[in-house]
Structure formats: structure tokens, C-alpha cells
Amino acid sequence: MDVVNPEQAKIAEDAGAVAVMALERVPSDIRRDGGVARMSDPQMIQEIQATVTIPVMAKARIGHFAEAQILQALDVDYIDESEVLTPADEDNHIDKWGFTVPFVCGATNLGEALRRIGEGACLIRSKGEAGTGNVVEAVRHLRTINAQMRRLVTADEAEIYRLAKDLQAPLPLVLEVAQTGALPVPMFCAGGISTPADASLVMQLGAQSVFVGSGIFKSEDPQRMARAIVEATTHYQDASVVAKVSTGLGAAMRGSEMATLDQRLAERGW
Amino acid sequence: MVALRVGVLALQGDVREHVAMLSAIGVDVVAVRTAEQLEDVTGLVIPGGESTTIARLLETSGIRPLLATRLGEGLPVLGTCAGLILLSRTILDGRADQWSFATIDVDVRRNGFGRQIASFETMIEVDGLGSVPGVFIRAPKIESWSESVSVLAMHDHGSGSTPVLVRQGNAWGCSFHPELTDNDQIHRLFVESL
């Protein structure tokens, strides 16, 4: 769960979050405010680290390896090389093999996911469209990744090379996915998740866990929303539990139609 | 012989890795998300994950009271990482309100081997088994234990040797993640004890 201060971090931990993402503004505010979005102030990250017992993640700009070095020096538990911040390098992502802290990176399709894994990412999240409260892009990205993995599984040996070329992904990783039918790292879902039903939807589409950014603290009752989304993520296969936690929850964050957006964050990164 | 039915507590954490390992050994595995699913298991694995999250979901799912009762009656259980924390008698560096089942008389320090960045892999010498690979991720450290606890493996990660695999009666606790390796010996040890 995205949190901007120790109080929110505590609410997230109380609700059962497995980790918090420490950042200065949630994506919907970054979207509203415009300007260049950068790594958070280390002081804020450290305050959150001192407040909760669960892992603390923080975001670095795409390609900004110096921000990542700072976050590693701060002992954050994971770095998110994130399209939510303004990219620092329009050609290259961070060489993540040069770090000991694990990285999570966003992807809109299988090729992008495998390129990030090739660069050393330990976790992949579908990008979705952060800060919109609209799950449509996350669904598109998950479905795309799943469909592309299924295609690899059914490909014969000669087709694999062509598919690797189309995906623009490293051949050894393409061969591995063709054999296992799954990414070699966990796949999470992010971007636009704002209700327990959204969490259940993306879990059923194959996500292993969910990132909730603006969806918690831009809702009417963040405490309840946080608890409800945690429960829906665990019991996603049991609609009666998801129904129970969805009942009388108050308003979810206000969402945006994709057509009304000035900027698509998911297009950042390559 | 009646097939063994082993549950894996499936509220959060690396459930699928435990399920895969137990299935490969040949036992009947059930993912436990409700109290009802806990009723007919002959043994239970509590996986690694976030102990605070699993503890909260044990309450909201209504599993906590039944599991406490069954553990009190001697239900065989293997807790790895967060699972060990939930089975311990005392949790150090936890949340102020963090509870545990107090099934194994050990005091554990959460993240006792350091944060994520301090995670490590090493070989562990287990009594009667020999060397097994140990994956330690934000692992809990057993800092003290009572005489009723059998220590099956110790490890010194630079600050003195401490137990990393323990057993008390039917309850097994492991600081590391045997389920994240190809070595199923610890799971076999547990299954053979059932």
C-alpha cells in the first residue's frame, strides 16, 4: 500500500498490508500536481521504517541509479523503479544486477516484463494506469502477459526464436517461460485498484498479490478500505467473503476515464 | 493406510511452494483458508510471509480459535519463518499488540538476521539429516529457548550460534525457508513424523 507518512503506514500495517511503499505523494496527487516527480526525502522513508515492522519499499526514477543507490544505502527492503516518477533516462533502465536490494518493475506486456527481469528485476507488477482509480489498464496488462505466455507454451521449437524477436526479450528467458508457462519471478498487479472487487478480479487473472496506491487513502474510509482489500486479496476465490467486506464500505476513490487523461504513465519505460 | 492430509495455511505467504513440495512427496495437500478446512487435516504447515498479516487474517477468517485449540491438542505443525514467529512463545521487535500461539518455548526476534538486504543463503547442518540449504529472508532469530525444545540445527551468522531448526513435541519451527529450495528433506522429516 502506498503511504505518505508514518500514520498512514501504521494504518496499512494494522490492516494487514504485507509491505508499504513510502512516497511523498500518491500517484493521483502526482498526476494532479504535475512537475517532475522524484525519489522521496530519505527522512520520510526513515520515519516510516521506524514506524512499521513490515517491509518498506521506495521508488526510484526509471534509469536513476543514483537514487537507487541512496535507497539501498537507506536499507529499504525493495526498490520500485517506477513510471509513476518522472523518468531520468529515456533509453536505459537501471542495471539492477549491480544492487543487492531487490527491485520491482512495471510491465505492460511479456516482452517488457522479460526485459526488466533480464536487467535483474526480482518482481514484476503489471503497470496499469497509476492514480486513476480505474482498473481497466491493469486488466489489459495482466491479460496481455498471460496471453503471451500461453502463446509461448504452445509454440513449437522453431517458432520460439521468432516470438522472442517479436517480444524483444532475451531468448533464455523466453525459453524458460515456454517451458514453465509462468514468469521466473512473482507477478503482482498495480495501477488503478480501488475496491475489494478489483483486487479479487486481478488475483483471479493470475496476480500473486496487489499494489494499492491511491485507492486506500483517497477513499472515504481508508482504514476499512485497507482491511477489505487485504481480505479480498486472500479470499479472492470466495465471492461471499469479497461481498461481505465490500458491504457498506463508503465511497472508493473517484476514478478517471482513460480518454480524459493528459498523460499515460504506463507509456514511460521501454 | 489412510492417506495423510496435510494443510498449508493459505492466508498469505509462500503457500504454493509448500503445496508443491508436499504434493511431490505424495501427501494429500489442502490449502487452508477457513476453519472448516482446518478440521480434518492431520498436520499443518504455516508458511513464510508477513507474520502481522497472517495473524490478522487468522482473526478475520475465524481460524484462530480452532487452530489454538488444535495446537493445544498436539496437532503436528511445521512453521517456517513467519510460521515460526506465530508458533513462538514471545515475539521481540514485533508490533506492540502482536500475539502468537506459544506452541514452541522459544523467544524470537523478528528480522533478527536483518532487513531484506541482509537476506542470505547458506548450508545448515541438521541433526540426522546432514547438510541442507537454508534460505534466510528477513528471518526471525531464536534468542532463547527452554529445555523442552530440541534444537536440530544451529547457525552462526557472525553474532554467535543460535538455533534455526527446533522441535517441541509435534511442533517444528524453522527460521529459514526449506520450501524455496529443491531439497525436501525437512518436509519429509515432518511428514514422516505424522
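Attention in this report is confined to the structure presented alongside it.

Basis of the calculations
Residues numbered from 1 in each chain as written. Chains lettered and ligands numbered in written order. Predicted model: local features only at pLDDT ≥ 70, side-chain atom pairs only at ≥ 80, totals over all residues. Heavy atoms only, no water. Helix = DSSP H or I, 4+ residues; strand = E, 2+ residues; numbered from the N terminus. Rg over C-alpha atoms; globule rule 2.2 N^0.38 Å. Contact = heavy atoms within 4.5 Å. Areas by Shrake-Rupley, 256 points an atom, 1.4 Å probe, with all protein chains shown as cover. Lys, Arg positive; Asp, Glu negative; His and termini not counted. Charge placed at Lys NZ, Arg CZ, Asp CG, Glu CD. Axes fitted to C-alpha atoms, helices over the stretch in contact; angles between N-to-C directions. Left-handed = near helix turned anticlockwise from the far one by under 90°. Nonpolar A, V, L, I, M, F, W, Y, C, P; charged D, E, K, R; others polar. Buried < 20%, exposed > 50% of the residue type's maximum accessible area, 1.4 Å probe, protein only. Pairing = 2+ DSSP bridges. Arc of directions from axis to C-beta. Polar contact = N/O pair within 3.5 Å; in protein donor to acceptor, adjacent residues only side chain to side chain. 1 Å grid on protein atoms, 1.4 Å probe; cavity = no way out; pocket = protein on both sides within 12 Å on 5 of 7 lines; lining within 4 Å. Points joined across faces, edges and corners; volume = space filled by probe spheres on them. Salt bridge = Lys/Arg side-chain N within 4 Å of Asp/Glu carboxyl O. Buried area = accessible area lost by both parts, 1.4 Å probe.

Structural notes on the overall build of chain B
A count of helical and extended segments in chain B gives six helices and 12 strands. The C-alpha atoms of chain B give a radius of gyration of 15 Å, which matches the 16 Å a tight globule of 194 residues would have. A fraction of 63% describes how many contacts in chain B between residues 6 or more apart in sequence connect residues 24 or more apart. Accessible surface for chain B amounts to roughly 7,600 Å². Of this, 47% is attributable to carbon and sulfur atoms. Within chain B, the 23 negative side-chain charges are centred at a point lying 6 Å from the centre of the 15 positive side-chain charges.

Some thoughts on the packing of helix 1 (residues 6-15) of chain A against helix 3 (residues 42-51) of chain A
Residue and element names in this part refer to chain A. Two numbers describe how helix 1 lies on helix 3: the axes approach to 9 Å, and their chain directions differ by 35°. Where helix 1 crosses over helix 3, the two elements pack in a sense that is right-handed. Mapping the contact onto sequence places Pro6, Ala9 and Lys10 in helix 1 and Glu47, Ile48 and Thr51 in helix 3. Its residues assigned to classes, the contact of helix 1 with helix 3 comprises three nonpolar, one polar and two charged.

Some thoughts on the pairing of strand 11 (residues 161-168) of chain B
All names here are of chain B. Most of strand 11 sits inside the fold, with six of its eight residues counted as buried. Relative to strand 11, strand 10 (residues 150-156) runs antiparallel, the two being bridged by six bridges. Within the sheet, the bridge partner assigned to His155 lies in strand 11 and is Thr162. Linking two consecutive strands that pair antiparallel, namely strand 10 and strand 11, is a turn of four residues; a positive phi of about 105° is found at Gly158 within it. Relative to strand 12 (residues 171-174), strand 11 runs antiparallel, the two being bridged by four bridges. Bridge pairing in strand 12 links Gln168 to Ala171. Between strand 11 and strand 12, which pair antiparallel one after the other, the connecting turn spans two residues, and Gly169 there sits at a positive phi close to 60°.

Side note on helix 1 (residues 15-25) of chain B
All names here are of chain B. All of the buried residues along helix 1 are Val15, His18, Met21, Leu22 and Ile25. Angularly, the buried residues of helix 1 cover 140° about the axis, an arc narrow enough to put them on a single face. Helix 1 presents Arg16 and Ala24 as exposed residues on the side facing more than 90 degrees away from its buried surface. At its buried positions, helix 1 is contacted by strand 1 (5-9), strand 2 (28-32), strand 3 (43-46), strand 4 (77-80) and helix 6 (185-192). Positioned one or two residues after helix 1, Gly26 has a phi angle of 110°, which is positive.

Things to note about the side chain of B:Thr181
All names here are of chain B. Along the chain, the position of Thr181 falls in the loop between strand 12 and helix 6. The exposure class of Thr181 is buried, given its relative accessible area of 15%. A polar side-chain atom of Thr181 sits 2.9 Å from the main-chain carbonyl oxygen of Pro178. Here the side chain of Thr181 touches Asn183 through a polar contact of 3.1 Å, landing on its backbone nitrogen.

Thoughts on the layout of surface pockets
All names here are of chain A. Roughly 210 Å³ of internal volume is contained in the second largest pocket. What lines the second largest pocket is Ile30, Arg31, Gly34, Gly35, Ala37, Thr86, Thr260, Leu261, Asp262, Gln263, Leu265 and Arg268. Counted by class, the lining of the second largest pocket contains four nonpolar, five polar and three charged residues.

Overview of empty space enclosed by the protein
A water-sized probe rolled over the atoms picks out the places where empty space is left. All names here are of chain A. One pass over the structure, following the stated rule, counts two cavities of 30 Å³ or more. Here the largest cavity is characterised by a volume of approximately 170 Å³. Lining of the largest cavity is provided by 23 residues; of these, Asp2, Pro27, Ala130, Gly191 and Gly213 occupy positions nearest its centre. Each residue belonging to the lining of the largest cavity can be placed in one class, and the counts come to nine nonpolar, eight polar and six charged. Volume-wise, the second largest cavity comes out at about 40 Å³.

What to know about the environment of B:Asp107
Residues and elements named next belong to chain B. Secondary-structure assignment places Asp107 in strand 6 (residues 104-109). Along the backbone, Asp107 and Arg16 are 91 residues apart, and their C-alpha atoms lie at a distance of 28 Å. Beyond its immediate sequence surroundings of up to four residues, Asp107 is in contact with Arg89, Thr90, Lys141, Ile142, Glu143 and Ser144. At 2.4 Å, the side chain of Asp107 forms a polar contact with the side chain of Ser144.

Re the pattern of salt bridges
Oppositely charged side chains can pair when the atoms bearing their charge come close. Applying the stated criterion across every chain, the model contains 33 salt bridges over all chains. A:Lys96 is the partner of A:Glu81 in a salt bridge, and the nearest nitrogen-oxygen pair spans 2.8 Å. Remark: A:Lys96 occurs in the loop between strand 4 (78-82) and strand 5 (103-107) and A:Glu81 occurs in strand 4; sequence separation between them is 15 residues. Taking relative accessible area as the criterion, A:Glu81 reaches 2% and is therefore assigned buried. Residue A:Lys127 is joined to A:Glu112 by a salt bridge in which the shortest nitrogen-to-oxygen separation is 2.6 Å. With a gap of 15 residues between them, A:Lys127 in the loop between strand 6 (123-126) and helix 6 (136-154) and A:Glu112 in helix 5 (residues 110-118) connect regions that are remote in the sequence. A:Glu112 carries the same exposure label as A:Lys127, and that label is buried. In this structure, a network of salt bridges that share partners links the residues A:Lys10, A:Glu13, A:Asp14, B:Arg95 and B:Asp97.

Overview of the interface of chain B and chain A
Facing the 21 residues of chain B at the interface are 26 residues of chain A. Area buried by chain B at its contact with chain A is led by B:Arg95, B:Arg115 and B:Ile117, which between them contribute 33% of it. At the junction of chain B and chain A, the tally comes to four salt bridges. Two residues, A:Asp77 and B:Arg138, come together in a salt bridge whose shortest N-O distance is 3.8 Å. Between the two partners, chain B and chain A, sit 13 residue pairs in polar contact (both at pLDDT 80 or more). At five residues, the largest contribution of residues to the side of chain B that touches chain A is made by helix 3 (residues 51-60) of chain B. For the side of chain B that touches chain A, the per-class residue count stands at four nonpolar, eight polar and nine charged.

All quantities given are derived from atomic positions and should not be read as evidence of function.
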